[in-house]
Amino acid sequence: MNFNKISFRVRYGETDQMGVVYHGNYPQYLEMGRIEWLRDFGVSYKKMEENGIMLPVVSIQLNYKRSAFYDDVLTLKTTLKKTPTVRIEFDYEIHNQNNELLVEANTVLAFMDAKTKRPIRCPEYILDKL
């Protein structure tokens, strides 16, 4: 289905004393991928929020295969798993500069009305872009 890729360099502050990326940083990497995926398809997360739509994470799964290290260049592939409904689901792969698979992940987010805090269906303008 629809995917995008971004690359970034691991910063020193994202690592532990052994120079390994701290596991708690990976959800932030996944968020970077989602935001850029949306942007690539002409959807601004900021504008969505301004229009009263939130996308809280309801599920996250990470499967660590290998470690990432300080100064590695990582490539994150974000793939839309299926057509969104009330939920939108993404799969991810993170590779290092040697194209070694480091992490496989999945997130599920729910479309939510910011005022009522109730789930809503995926907005038509997003579906139209897909």
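Here the structure is a predicted model, which means the values were calculated and not measured. (Residues numbered from 1 in each chain as written. Predicted model: local features only at pLDDT ≥ 70, side-chain atom pairs only at ≥ 80, totals over all residues. Heavy atoms only, no water.)

1. Quick word on the sheet that holds strand β3 (residues 57-64)
Strand-to-strand pairing in sheets goes through backbone hydrogen bonds, with the strands running parallel or antiparallel. The strand order β1-β4-β5-β6-β3 describes an open sheet built from 5 strands, whose pairing is antiparallel. The sheet terminates laterally at β1 (3-9) and β3, the two strands that pair on one side only. Across the sheet, the mean angle separating the axes of adjacent strands is 15° when strand polarity is ignored. Contacts from helix α1 (residues 26-40) reach β1, β3, β4 (73-80), β5 (87-95) and β6 (101-110), with the element oriented near 130° to β1. (Pairing = 2+ DSSP bridges. Helix = DSSP H or I, 4+ residues; strand = E, 2+ residues; numbered from the N terminus. Axes fitted to C-alpha atoms, helices over the stretch in contact; angles between N-to-C directions. Contact = heavy atoms within 4.5 Å.)

2. What to know about the side chain of R34
Along the chain, R34 turns up in helix α1. Despite its burial, R34 remains without a salt bridge, the nearest opposite charge being carried by E31 at 5.0 Å. (Buried < 20%, exposed > 50% of the residue type's maximum accessible area, 1.4 Å probe, protein only. Lys, Arg positive; Asp, Glu negative; His and termini not counted. Salt bridge = Lys/Arg side-chain N within 4 Å of Asp/Glu carboxyl O.)

3. With respect to the nonpolar core
The nonpolar side chains of soluble globular proteins are, as a tendency, buried together. Within the largest apolar cluster, 28 residues are counted, with the highest numbers of intra-cluster contacts made by Y29, M48, L74, I88, I94 and F111. Among the secondary structure elements, those contributing two or more residues to this core are β1, α1, β4, β5 and β6. The greatest single-element share of this core, amounting to 5 residues, is contributed by α1. In this view, L74 contacts I6, S7, F8, V10, Y29, A68, I94, H95, N96 and L102; residues no more than four positions away in its chain are not counted. (Core = buried A, V, L, I, M, F, W, Y, C linked by side-chain atoms within 4.5 Å.)

4. Here we look at unusual backbone geometry
Phi is positive for D71, close to 75°, though the residue is something other than glycine. Mapped onto the secondary structure, D71 falls in the loop between β3 and β4. Phi at K117 is positive, roughly 60°, even though this residue is not glycine. Within the secondary structure, K117 sits in the loop between β7 (112-113) and α3 (124-129). For K117, a relative accessible area of 55% gives the class exposed.

5. Considering the pairing of β5
As defined by bridge partners, β4 adjoins β5 across 6 bridges and the pair is classed as antiparallel. Within the sheet, the bridge partner assigned to L76 lies in β5 and is I94. What sits between the antiparallel neighbours β4 and β5 is a turn of 6 residues. Note: β5 against β6, 9 bridges, orientation antiparallel. Considered in β6, the bridge of E93 is made with E104. Between the antiparallel neighbours β5 and β6 lie 5 residues, among them N99 with a positive phi of about 65°.

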